[in-house]
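# Summary of structural features
The chain contents come next:
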Amino acid sequence: MAPSFDWWAKESHRGTPVVVKMENPNNWSMVELEAPDDDDDFILHDDDVSMPNRRPGDKVRNKNAKQLTWVLLLKAHKAAGCLTSIASAMLGIAAAIRRRVASGRTDVDNDTETRGNMAPENLTVKARFYSCIKVFLWLSVLLLGFEVAAYYKGWHFGAPNLQFHDLYILTTPLGVKGVFESLYSRWVLIRMEYLAPPLQFLTNVCILLFLVQSLDRLVLCLGCLWIRLKKIKPVPKQGSVDLESGESVFFPMVLVQIPMCNEKEVYQQSIAAVCNLDWPKSNLLIQILDDSDDPTTQLMIKEEVHKWQQEGARIVYRHRVIRDGYKAGNLKSAMNCSYVKDYEFVAIFDADFQPTPDFLKRTIPHFKDNEELGLVQARWSYVNNDENLLTRLQHINLAFHFEVEQQVNGIFLNFFGFNGTAGVWRIKALEESGGWLERTTVEDMDIAVRAHLHGWKFIFLNDVECQCELPESYEAYRKQQHRWHSGPMQLFRLCLPDIIRSKISIWKKANLIFLFFLLRKLILPFYSFTLFCIILPMTMFIPEAELPVWVVCYIPATMSFLNILPAPKSFPFIVPYLLFENTMSVTKFNAMISGLFQLGSAYEWVVTKKSGRSSEGDLVSLVGKEPKHQRGVSVPDLMDLQEEIKEQERKASRTKKHNRMYTKELALAFLLLTASVRSLLAAQGVHFYFLLFQGISFLLVGLDLIGEQVK
């Protein structure tokens, strides 16, 4: 029986009839009908004669009530389904945590396994950094015990309410009733007189750096807005493009290089993409620069090159016996070939990049009649940006990097950091700048800075995209970020004398030193880690040093909003993005310190793991072309290849990929959660929620629950 709604009888609140169409409990729709008018006549059937007092509108109202009840029940069913999904997800997370803890694999074990490839001082630095975090953690636990005991005794000594009378009680022997009271009173006086002033000074310094960096980001965003409003974009000069067809009529000699190292997951799609570039074959040569130390991978890449050679592509395979200098050494060796002097430009693509066929036609024309132009950089796009939460958050960061940082610096300064791939260099610019050097792990930024010091200009094309992959596992992303943040500090130490002695303008020198290096490469990871992971929890235990709410909440939220604007579809992830950026600050800070002081880990070079994902269109095109290609492999070679593959599979089965626990992130998680409990005792709402969610974020990352989950 439908429930009775007395208020429904009022004419001023007559409902709108609805019809519920339901195919199954999870698929229903609601259709509104025309509301009954007062003048409508309602006909009573014979079976209604037994109810002479029934009003004509009662039947319609009962039907409306029943239909509304169905709608509410269906919504309740849908809500129950959502709760069930959330519950199952939580159970899955709990099971993953249980497996992770039971396995006991940590990043320390990973470092031990690869100890032969790591400098001894690298392990020492990591151990010291982790030890410092553990000291902070245990100290915070001890202080939390003090504060909880004091709280239940009714003592609330903080900066706002600690008065002269309280100080008198604390320092007067008559006011002390026991050992605990004596210890706690001494602790309060020590933190007021000795700990709070230096902590407040460090807090103010970090806040100042935070404001300067936020201002820099705001200026970049305003520059991007100006570019959009004015529709500013680099345009090739007349004569390089046919005005009627819009196609290039400028076809110089172009060298294409694909450096790779043990990347058997992606070599096929990248080689296929560059072999399909729309460019006269006589003016194009492709170099596959294979640094693989795995014989199976070498053989597979050789056969792929041979296959495309039979198809008519001008492609050569190069393999170095002595693999010095990583990627920079590989590129330097390739540029020393005698035939390179016949080419004017070189396009560089990493092994997972897939340029579109018109890539060269959209980039090379910018060089015509522009002799000062040394580099044309294209934007990256991603085949797996929706794969998991980690790739979504990376997409937000990189969208801001290309849309805002690279575009604004390219338009207004004609300088930015080369991204190492998806770019075209004028070979003359490379040679005049000293060529590729192996002195850092960021050879792309190194050559860009030296070319800028020699007066070469750069162009960034925001509308030319090149597909690639994002790291899907936290381990791969963490190692990539370590290399990207330690290398710039290495380079800064090496380039600073050259920048000072160079003949470029004072403004360009200031931009390089203070903005490009210090503010964006050093200050950003420093204050991000120090302010939100060290100072904030310390102010909970030393409340005399205050961190304003607007620093904890309002400015970070505003900066995250600005960062996410270039990727508007990612707005639902704005809070995870803010928390994850602070979580990554521990890795970036560690890398920055390693690079600045030239510690062992600054020289680590780990190739980012690829999964070999292709876009749907690429898969279709590759499948369509597969029947045409004949590998031309002899039967003995094919049998050898199969044996090598089986051997590699046996090795892979012994060294399976695993999710790991990350000790520094877990230690910081417990530190922040401990501070959140102290904040709760002090009734600091915003600080409590920030510390709580930031601690949970560190916990999820420390348990490796954010990226690829290995089953």
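Residues numbered from 1 in each chain as written. Predicted model: local features only at pLDDT ≥ 70, side-chain atom pairs only at ≥ 80, totals over all residues. Heavy atoms only, no water.

In the nomenclature of an unreviewed UniProt entry, the protein chain corresponds to Putative xyloglucan glycosyltransferase 12 from the organism Davidia involucrata. Under the Subcellular location (unreviewed entry) heading, UniProt states for the protein chain: "Golgi apparatus membrane". Annotation of the protein chain in UniProt includes, under Sequence similarities (unreviewed entry), the sentence "Belongs to the glycosyltransferase 2 family. Plant cellulose synthase-like C subfamily." (UniProt positions renumbered as here; feature names shortened; annotations may be inferred.)

We now examine the packing of aromatic side chains. Using the criterion set out here, one finds 23 aromatic pairs in the structure. Between the aromatic rings of Phe-418 and Trp-425, the centroid separation amounts to 5.6 Å while the plane-to-plane angle is 90°, which identifies the pairing as edge-to-face. Of the two residues examined, Phe-418 and Trp-425, each falls in the buried class. Seen in terms of ring centroids, Tyr-474 and Tyr-662 are 5.0 Å apart; in terms of plane orientation they differ by 80°. Their pairing is edge-to-face. Of the two residues, Tyr-474 sits in helix α13 (residues 474–501) while Tyr-662 sits in the loop between α18 (635–654) and α19 (663–681), which places them 188 residues apart along the sequence. Of the two residues, Tyr-474 and Tyr-662, neither departs from the other in class, the shared state being buried. Among the aromatic side chains, those forming a connected cluster through ring pairs are Phe-353, Trp-380, Phe-402, Phe-415, Phe-416, Phe-418, Trp-425, Phe-458, Phe-460, Phe-492, Phe-516 and Phe-517. (Phe/Tyr/Trp six-rings, centres within 6.5 Å; stacked < 30°, edge-to-face > 60°. Buried < 20%, exposed > 50% of the residue type's maximum accessible area, 1.4 Å probe, protein only. Helix = DSSP H or I, 4+ residues; strand = E, 2+ residues; numbered from the N terminus.)

Let us now look at a nonpolar patch on the surface. Taken together, the side chains of Leu-83, Ile-86, Met-90, Ile-93, Tyr-689, Phe-693, Ile-696 and Leu-700 define a hydrophobic patch exposed on the protein surface, amounting to about 770 Å² of accessible area. Among the secondary structure elements, those contributing two or more residues to the nonpolar patch are α1 (58–103) and α20 (685–702). The residue Leu-83 is located in helix α1 in this model. According to the relative accessible area criterion, Leu-83 is exposed, its value standing at 58%. (Patch = residues over 30% accessible without salt bridge, like charges linked within 9 Å, V, L, I, M, F, W, Y side chains within 5 Å. Areas by Shrake-Rupley, 256 points an atom, 1.4 Å probe, with all protein chains shown as cover. Salt bridge = Lys/Arg side-chain N within 4 Å of Asp/Glu carboxyl O.)

Summarising burial for strand β3 (residues 254–260): seven of the seven residues are buried, a large majority. The alternating pattern of β3 places Val-254, Val-256, Ile-258 and Met-260 and Leu-255, Gln-257 and Pro-259 on opposite faces, both of which are buried. Relative to strand β4 (residues 284–290), β3 runs parallel, the two sharing seven bridges. When the sheet's bridge partners are listed, Ile-258 is paired in β4 with Ile-288. (Pairing = 2+ DSSP bridges.)

What follows covers unusual backbone geometry. You will see that Tyr-326, though not glycine, has its phi angle at about 55°, which is positive. Turning to its location among the elements, Tyr-326 is positioned in helix α8 (residues 326–335). On the basis of relative accessible area, Tyr-326 is assigned to the partly exposed category, the value being 44%.

Here we take up the UniProt feature "transmembrane region" (unreviewed entry) in the protein chain. Taken from the UniProt record, the annotation "transmembrane region" (unreviewed entry) applies to residues 135–152, 512–541 and 661–681. The span residues 512–541 is 100% helical and 0% strand by assignment, and the distance between its end C-alpha atoms comes to 40 Å.

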